[in-house]
Amino acid sequence: MSNHIENGQVRVLGIDLGKSVFQLHGVDARGKSVLKKRLKRDELLEYMAQLPPCLVGMEASSGAHHWARKFQGYGHAVRLMAPQYVKPYVKRHKNDSVDAEAICEAVQRPNMRFVGIKSVAQQEILALHRVRSLAVKNRTALVNQIRGLLAEYGIVFPKSIKQARRAIVLILSDESSEMSANFRVILEDERDELAHLDERIGKYEREIEALAKAEPQCRLLMTIPGVGPITATALLASVGDVRAFKNGRELSAWIGLVPNQHSTGGKAWLTGISKRGNGYLRTLLIHGARAALRVCENKPDRRSQWAVSVSERRGANRAVVALANRMARSAWAMLVKQEAYGASAAV
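Residues numbered from 1 in each chain as written. Predicted model: local features only at pLDDT ≥ 70, side-chain atom pairs only at ≥ 80, totals over all residues. Heavy atoms only, no water.

## Overview of the packing of aromatic side chains
Consideration 1: Applying the stated criterion across every chain, the model contains four aromatic pairs.
Consideration 2: Aromatic pair phenylalanine 22 and tryptophan 67: ring centres 5.3 Å apart, planes at 75°, arrangement edge-to-face. Note that phenylalanine 22 is positioned in strand β2 (residues 21–27) and tryptophan 67 in helix α3 (residues 64–73), a separation of 45 residues in sequence.
Consideration 3: The buried category is assigned to phenylalanine 22, whose relative accessible area is 0%.
Consideration 4: Look at tryptophan 67 and you get buried, because its relative accessible area is 4%.
Consideration 5: Consider the rings of tyrosine 153 and phenylalanine 183, whose centres lie 4.5 Å apart with planes at 35°: the pair is tilted. In this pair, tyrosine 153 is assigned in the loop between α6 (120–151) and α7 (161–173) and phenylalanine 183 in helix α8 (residues 181–214), connecting sequence segments 30 residues apart. (Phe/Tyr/Trp six-rings, centres within 6.5 Å; stacked < 30°, edge-to-face > 60°. Helix = DSSP H or I, 4+ residues; strand = E, 2+ residues; numbered from the N terminus. Buried < 20%, exposed > 50% of the residue type's maximum accessible area, 1.4 Å probe, protein only.)

This is the structure:
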């Protein structure tokens, strides 16, 4: 056993994660470097189990949440950080040892922002969202390919999945077209693939709906206009402990729904939204806000009238983003107060 482990000198440990090799950098209570070590994948858990409890810092990269849960089981205090927040602490040319030292330095900063450690259940929900998202992208690509192939035969149809399904059936049933038998076989294969993707997407969406109905907090979030099962489950799984954010604006900033600032000399310059953080969650909120905005004109409540006035003054796109921002802030207030959507929860 190494002396630094026996004496318990390591107080803060930075780990640069990899697929098969991990670099460790540890400092003592005075900030002096006492550990520089390179470990293979099958050696890391045994080493961390023997190391006295300390503060462990890692970048929130692939596999980080898995390692964080394991290290917490050994009594360590684990903090995950976004890689872009660690980069300023890299002092020299990039290598594993320098990266581990930068992580060790960054995790000690009092104003550092940390990433919540996700549970296995959260990761399973996000995995379901990811496979559904990929299936939707593949379906869109397939329909675009079908449109391009049929355009060579002078056949066009409106842009929508529903119209594509209807058009393929009509085209294949039309015996008077110029399509050859070989091309009909190709189009039938494309039709079968589209049906297979529809079936997969429907299966994933039914699973997400079942999860949303079984989770009280999801049912609470779905009372917000524009928030359905997909957005509610994605929000809960991505955010985790909502109390990690001080207020609703911090949550909306984390999602990337606040204006990007470029201010200097006492002059504030605000541009478009920052688009930082979780792009998938931001997309869901904006799509939900766009759907909610369509029916705001028919509603007399204050929120709907506010959205309509923003749309008239600044345009529909800005109104959609502003409404998505407000939805995120309402979600924070509702989860913290455990109240249904209404005047007390909307912010």
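## What to know about helix α13 (residues 302–314)
Owing to its 3.6 residues per turn, the α-helix brings residues three or four apart onto one side.
Consideration 1: Between the first and last C-alpha of α13 there are 18 Å, a value that for 13 residues agrees with the 18 Å anticipated at 1.5 Å per step.
Consideration 2: Here α13 has its buried residues at Arg303, Ser304, Ala307, Val308 and Val310. Angularly, the buried residues of α13 cover 160° about the axis, an arc narrow enough to put them on a single face. Relative to its buried face, α13 has exposed residues pointing more than 90 degrees away, namely Arg302, Glu312 and Arg313.
Consideration 3: Contact partners of the buried residues in α13: α12 (279–294) and α14 (316–337).
Consideration 4: Where α13 ends, the next residue or the one after it, glycine 315, has phi of about 105°, a positive value. (Expected span 1.5 Å × (residues − 1). Arc of directions from axis to C-beta. Contact = heavy atoms within 4.5 Å.)

Take it as geometry only, folks, not as evidence of what the structure does.
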